[in-house]
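# Commentary on secondary and tertiary structure
Residues per chain are reported as follows:
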Amino acid sequence: YQGENYGYVNPSAEKITGYSAKELLRMKYWDIFVPGDRDMIRERGKARLQGGAAPPTRYEARYRTKDGREGVLEINASVTSYNGTRAGLVTALDITDRKRAEEALKLTGYSLDNAGDIVIWFRPDGRIYYANNAACQQFGYTRDEMLALTIFDINPGYTPESWNARWQELKQKGPTLYEFENR
């Protein structure tokens, strides 16, 4: 961008935004961003061109496509010279799917942590890899204490040999639900 307008847009910008290159080149560089991020984009872009205090070079901002869908861009911005004039050089990566996956993962983690049933994940050697809140409450340990334990600490029915056999069975058949006696 130079001044307030794009100086060049590539085909990926068209694909991401749904606007044609011709339309984008007529827009202010902040126009595609949602109102809550638009001022930030404008101010950082202006500061970048003016010199002075350097704004962040890498950040995320929400944008809106021509058909109204919202997404998130990871922006990398710097300064260059274009046709002999100071210009902003910006690359943007659409990270919308990654952000959605991160949110889904957070929700899944929250759901798992707060499930009413006990959930414990073990490593091949029998060490506990994950224990949810119900497991910690049932066994009377904090999360950190649970993660320092093994299957052998919480289930007297397992030996290293029987656990190894059980692990091999789990690898073949996949995850299962089972009950065991705890100490």
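Structure report, in brief. (Residues numbered from 1 in each chain as written. Predicted model: local features only at pLDDT ≥ 70, side-chain atom pairs only at ≥ 80, totals over all residues. Heavy atoms only, no water.)

On to the pairing of strand β2 (residues 70-82), then. Alignment of strand β1 (residues 58-64) against β2, held across seven bridges, turns out to be antiparallel. By the bridge assignment for β2, arginine 64 is matched with glutamate 70. In this structure, the hairpin formed by β1 and β2 is closed by a connection of five residues, where glycine 68 is found at a positive phi of approximately 95°. Inspection of the sheet shows β2 paired to strand β3 (residues 85-94) by ten bridges, in the antiparallel sense. When the bridges of β3 are listed, serine 81 appears paired with arginine 86. Adjacent in sequence and paired antiparallel, β2 and β3 are bridged by two residues, among which asparagine 83 carries a positive phi angle near 55°. (Pairing = 2+ DSSP bridges. Helix = DSSP H or I, 4+ residues; strand = E, 2+ residues; numbered from the N terminus.)

Despite not being glycine, asparagine 83 has its phi angle at roughly 55°, a positive value. Of note, asparagine 83 is situated in the loop between β2 and β3. You can call asparagine 83 exposed: its relative accessible area is 70%. (Buried < 20%, exposed > 50% of the residue type's maximum accessible area, 1.4 Å probe, protein only.)

This brings us to the sheet that holds β1. With antiparallel pairing, the three strands of this open sheet are ordered in space as β1-β2-β3. Only two strands of the sheet have a single partner each, and these edge strands are β1 and β3. Sheet twist, expressed as the mean angle between neighbouring strand axes with direction ignored, is 40°. Along the sheet, helix α3 (residues 35-50) contacts β1, β2 and β3; its crossing angle with β1, the most-contacted strand, is approximately 135°. On the sheet, helix α4 (residues 96-113) packs against β1, β2 and β3 and is oriented at approximately 135° with respect to β2. (Axes fitted to C-alpha atoms, helices over the stretch in contact; angles between N-to-C directions. Contact = heavy atoms within 4.5 Å.)

Moving on, we get to the side chain of glutamate 74. Within the secondary structure, glutamate 74 sits in strand β2. A polar side-chain atom of glutamate 74 sits 3.0 Å from a polar atom in the side chain of arginine 58. Setting aside residues no more than four positions away along its own chain, glutamate 74 makes contact with Arg58, Tyr59, Glu60, Thr91, Ala92, Leu93, Ile95 and Arg98. (Polar contact = N/O pair within 3.5 Å; in protein donor to acceptor, adjacent residues only side chain to side chain.)

Following the criterion strictly, the structure yields 20 salt bridges and no others. Note that glutamate 103 and lysine 106 form a salt bridge whose closest N and O atoms lie 3.5 Å from each other. With a gap of three residues between them, glutamate 103 and lysine 106 both fall in helix α4, about one helical turn apart. Its relative accessible area of 48% is what places glutamate 103 among the partly exposed residues. On the basis of relative accessibility, which here comes to 56%, the residue lysine 106 falls in the exposed class. Between lysine 173 and glutamate 169 there is a salt bridge, and its shortest N-O distance comes to 3.7 Å. (Salt bridge = Lys/Arg side-chain N within 4 Å of Asp/Glu carboxyl O.)

Everything listed is a geometric property; what it means functionally is a separate question.
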